[in-house]
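# A structural walkthrough
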Amino acid sequence: MFVVLLFLQLRYIVQTDDLIRTRFQDAVQRSMFRTAESVEEEEVMTYIEDIVNSDTPEGRELKELFESVNVEVRGMQSVFQTDDSILVPSYKLRSDDADQSFTEQKYRQFLRSKKLIDVVTARLLNDAPNYNITSRIDPEYMRKTLNYNLRNNGVTLDFQFAVADKWGKHIHTFNEVPFDVTGDCYKQRLFPSENSRYPYYLYLYFPDEHIFLNQSIKMVLPSLLVTLVLLVICIITIIYIFKQRWMYEVKNDFVNNMTHELKTPVSSISLASQMLNDPNVVKSPQMLARISQVIKEETKRLSNQVEKVLQTSVFEKEKTNLVFKEDNVNELIETISKNYSLKLENLGGKLVVNLCAVNAFAMIDELHFSNVIYNLMDNAVKYSRTDVPLIITISTWNKKNRIFISIEDNGIGIKKEYQKHIFDKFYRVPTGNRHDVKGFGLGLAYVKKIVNDHHGSIKVESKVNVGTKFIFDIPNVE
């Protein structure tokens, strides 16, 4: 719907732009054509005036003709009108004055005037092309006429004009700086009624034409802007809805899987506890040890699943309810390392601890901060390589009143294009053909949130088949 509306708006703007440009161009061309006509008429009037003022038979007859009708030479257009190619008087004789002889006399007089004007016109058409173009044009008259015609057609822009031949060579330039007549300007032939081999043209240039046209088209831009804003809002809304729907589905899958995984250890523990009530089982040390091992493993498995639920609940709140207290980070990491080293040894790996922080005291939530360390080490185990023994190195150091903690491994590493997404909720790095790595993409998102809640920051450095290092920092206690 919005795409169609945007398309219609763009089409409307294009059509409006074309209409504005076409109207402007038509107005300019009409003005230039009328100016060319006026220049030609001015030349005719000047030529006839010169003949009337000359001491020739044609001049005397024309002078008598104009005196008889009591008009000036430049007003003779109002005296004569052409009707079926016969020059007749524009006034109508009254019926009471319609004397036949007077009418015939006037008619013969006007026929003679038509003949005289035809002769003058023929002579003008024959002589005018031989005159120098500079003598046929009055620059000031052309400027005023052009200015009048342009404004009469609604064009109020400043303009420059010039007269040039058909090759574009300037004959007259009526501006301080000549413009290129072969460029973006308007063209109108002068003296179009002449059949000349060397025609001359009037060129018109508007320096601010593009500004004027752009300002005109800006009138429709607000509606386009509103449409674009609505389109952007619509797209953002659709993306948000799809993202929320995807997160809802992933969360439902997570809850369903978690419910199933919680039932399994609970069922095993329940079955083991029932077996302990059997007197025969109590009498068998081997069976008792086996049941105890099952309870231990399933309890551990259940604890891990509960921990995942705890991590998920963190994201449901705007702010996590952490219980901060001053604690020694080095001592906490050392305790965690002792517990975790047994697991690594069983896997054939090794844990290296470098606690170099001089000031290791910080305000932390012991439970969640410990979970950060465990999560990062669990990731190192999950994404370890099978061709080399796993080595995890935990280090601490101080810098600018902060304590830095790094957890480095020699695992499969993370490709650069995935590193910027690893802290997103439900995001899991593709592991290719490896299908033994389970999870829901919440571990690192949880780690980042807890570090942020401790007023710290975290980053990752990784190379494929070399290893990964997570570095995070929190403020020291002064």
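In short, a report on the structure. (Residues numbered from 1 in each chain as written. Predicted model: local features only at pLDDT ≥ 70, side-chain atom pairs only at ≥ 80, totals over all residues. Heavy atoms only, no water.)

In this section: the side chain of Ser370. The topology assignment puts Ser370 in helix α11 (residues 366-382). Since its relative accessible area comes to 11%, Ser370 is described here as buried. The residues contacting Ser370, other than those within four sequence positions of it, are Leu332 and Ile336. (Helix = DSSP H or I, 4+ residues; strand = E, 2+ residues; numbered from the N terminus. Buried < 20%, exposed > 50% of the residue type's maximum accessible area, 1.4 Å probe, protein only. Contact = heavy atoms within 4.5 Å.)

In this section: helix α5 (residues 139-152). Residues separated by three or four positions in an α-helix point in the same direction, a consequence of the helix having 3.6 residues per turn. Across its 14 residues, α5 extends 20 Å between first and last C-alpha, which sits within 8% of the 20 Å expected from 1.5 Å per residue. Along α5, the residues that are buried comprise Met142, Thr145, Leu146, Asn149 and Leu150. Taken down its axis, α5 places every buried residue within 130° of arc, on the same side. Opposite the buried face of α5, by more than 90 degrees, sit the exposed residues Lys144, Tyr148 and Asn152. Within two residues after α5, Gly154 carries a phi angle of roughly 85°, on the positive side. (Expected span 1.5 Å × (residues − 1). Arc of directions from axis to C-beta.)

Another aspect to go through is the pairing of strand β5 (residues 186-189). Side-chain alternation along β5 places Tyr186 and Gln188 on a buried face and Lys187 and Arg189 on a face that remains uncovered. Relative to strand β6 (residues 200-205), β5 runs antiparallel, the two being bridged by 4 bridges. Pairing of Tyr186 across the sheet is with Leu204, part of β6. (Pairing = 2+ DSSP bridges.)

With that out of the way, let us pick up the side chain of Asp327. Relative to the helices and strands, Asp327 resides in strand β7 (residues 325-328). No salt bridge forms around the buried Asp327; measuring N to O, its nearest opposite-charge neighbour Lys325 is 4.9 Å away. Discounting chain neighbours no more than four positions away, the residues touching Asp327 are Ala360, Phe361, Ala362, Ile364 and Glu366. (Lys, Arg positive; Asp, Glu negative; His and termini not counted. Salt bridge = Lys/Arg side-chain N within 4 Å of Asp/Glu carboxyl O.)

Let us now look at the packing of aromatic side chains. Within this structure, the stated rule accounts for 9 aromatic pairs. Note on Phe24 and Phe206: the rings are 5.4 Å apart at their centroids and 65° apart in plane angle, and the pair reads as edge-to-face. Of the two residues, Phe24 is situated in helix α1 (residues 2-52) and Phe206 in the loop between β6 and α6 (209-217); the sequence distance between them amounts to 182 residues. Residue Phe24 shares its accessibility class with Phe206, and that shared class is buried. Relative to Phe470, the ring of Phe423 lies with its centre 6.3 Å away and its plane at 80°, an arrangement referred to as edge-to-face. Of the two residues, Phe423 sits in the loop between α12 (416-419) and α13 (443-453) while Phe470 sits in strand β13 (residues 467-475), which places them 47 residues apart along the sequence. Across this residue pair, the class does not change: Phe423 and Phe470 are buried. Put simply, the rings of Phe24, Tyr186 and Phe206 touch in pairs and so form one group of aromatic residues. Stacked on the ring of Tyr201, the Lys or Arg Lys187 has its end atom at 4.3 Å from the ring centre. Its end group placed over the ring of Phe423, Lys448 keeps NZ or CZ at 5.6 Å from the ring centre. (Phe/Tyr/Trp six-rings, centres within 6.5 Å; stacked < 30°, edge-to-face > 60°. Lys NZ or Arg CZ within 6 Å of the ring centre and 35° of its normal.)

Here we come to the sheet that holds strand β11 (residues 402-409). Strand order in the open sheet made by the 5 strands is β8-β10-β11-β13-β12, with mixed pairing throughout. Two strands close off the open sheet at either side, each with one partner strand: β8 (350-355) and β12 (457-463). Neighbour-to-neighbour, the strand axes of the sheet open up by a mean angle of 15°, direction not taken into account. Bridging between β8 and strand β10 (residues 391-398) involves 6 bridges; their strand directions are parallel. The residue bridging Leu351 from the neighbouring strand is Ile392, located in β10. In this fold helix α10 (residues 329-346) packs onto β8, β10, β11 and β13, with an angle of close to 170° to the strand it touches most, β8. On top of the sheet, α13 reaches β12 and β13; it is set at about 140° to β12, its chief contact. (Axes fitted to C-alpha atoms, helices over the stretch in contact; angles between N-to-C directions.)

Considered for burial, the residues of α13 that qualify are Leu444, Ala445, Tyr446, Val447, Lys449, Ile450 and Val451. Among the residues trailing α13, His455 stands out with phi positive, at a value near 60°.

So, about a nonpolar patch on the surface. On the surface, Leu225, Val226, Val229, Leu230 and Ile233 cluster together to form a nonpolar patch covering roughly 430 Å² of accessible area. Summarising the element assignment, Ile233 is placed in helix α7 (residues 221-276). (Patch = residues over 30% accessible without salt bridge, like charges linked within 9 Å, V, L, I, M, F, W, Y side chains within 5 Å. Areas by Shrake-Rupley, 256 points an atom, 1.4 Å probe, with all protein chains shown as cover.)

Moving on, we get to the packing of α10 against α11. Running from N to C, α10 and α11 cross one another at 40°; their axes reach a closest spacing of 11 Å. Considering only the axes of α10 and α11, their crossing is right-handed. Facing Val329, Leu332, Ile336, Asn339, Tyr340, Lys343 and Leu344 of α10, the residues of α11 in contact are Glu366, Phe369, Ser370, Ile373, Tyr374, Met377, Asp378 and Val381. By residue class, the composition of the contact of α10 with α11 is 10 nonpolar, 2 polar and 3 charged. (Left-handed = near helix turned anticlockwise from the far one by under 90°. Nonpolar A, V, L, I, M, F, W, Y, C, P; charged D, E, K, R; others polar.)

Glancing now at the nonpolar core. Core analysis: the largest hydrophobic core is formed by 39 residues, its most contacted members being Phe369, Met377, Ile392 and Phe472. Put simply, the parts of the chain that give this core at least two residues each are α10, β9 (361-364), α11, β10, β11, α13, β12 and β13. For this core, the element with the highest residue contribution is α11, accounting for 7 residues. (Core = buried A, V, L, I, M, F, W, Y, C linked by side-chain atoms within 4.5 Å.)

We now examine the pattern of salt bridges. Pairing between side chains of opposite charge can happen when the charged atoms of each approach one another. One pass over the structure, following the stated rule, counts 7 salt bridges. Across the salt bridge formed by Glu366 and Lys325, the nearest N and O atoms sit 3.6 Å from each other. With Glu366 in helix α11 and Lys325 in strand β7, this pair connects stretches of sequence that are 41 residues apart. Ionic pairing is found between Arg402 and Asp473, a salt bridge with its closest N-O pair at 2.4 Å. With a gap of 71 residues between them, Arg402 in strand β11 and Asp473 in strand β13 connect regions that are remote in the sequence. Accessibility expressed as a relative area gives 8% for Asp473, which makes it buried. Among the charged side chains, a salt-bridge network with shared partners connects Glu140, Arg143 and Lys144.

For the pair α11 and α13, interaxial distance at closest approach is 9 Å and the crossing angle is 145°. Judged by the sense of rotation from one axis to the other, the crossing of α11 with α13 is left-handed. Every residue of α13 that contacts α11 at His368, Phe369, Asn371, Val372, Asn375, Leu376 and Asn379 is listed here: Gly443, Leu444, Tyr446, Val447, Ile450 and Val451. Tallied by class, the residues present in the contact of α11 with α13 amount to 8 nonpolar, 5 polar and no charged.

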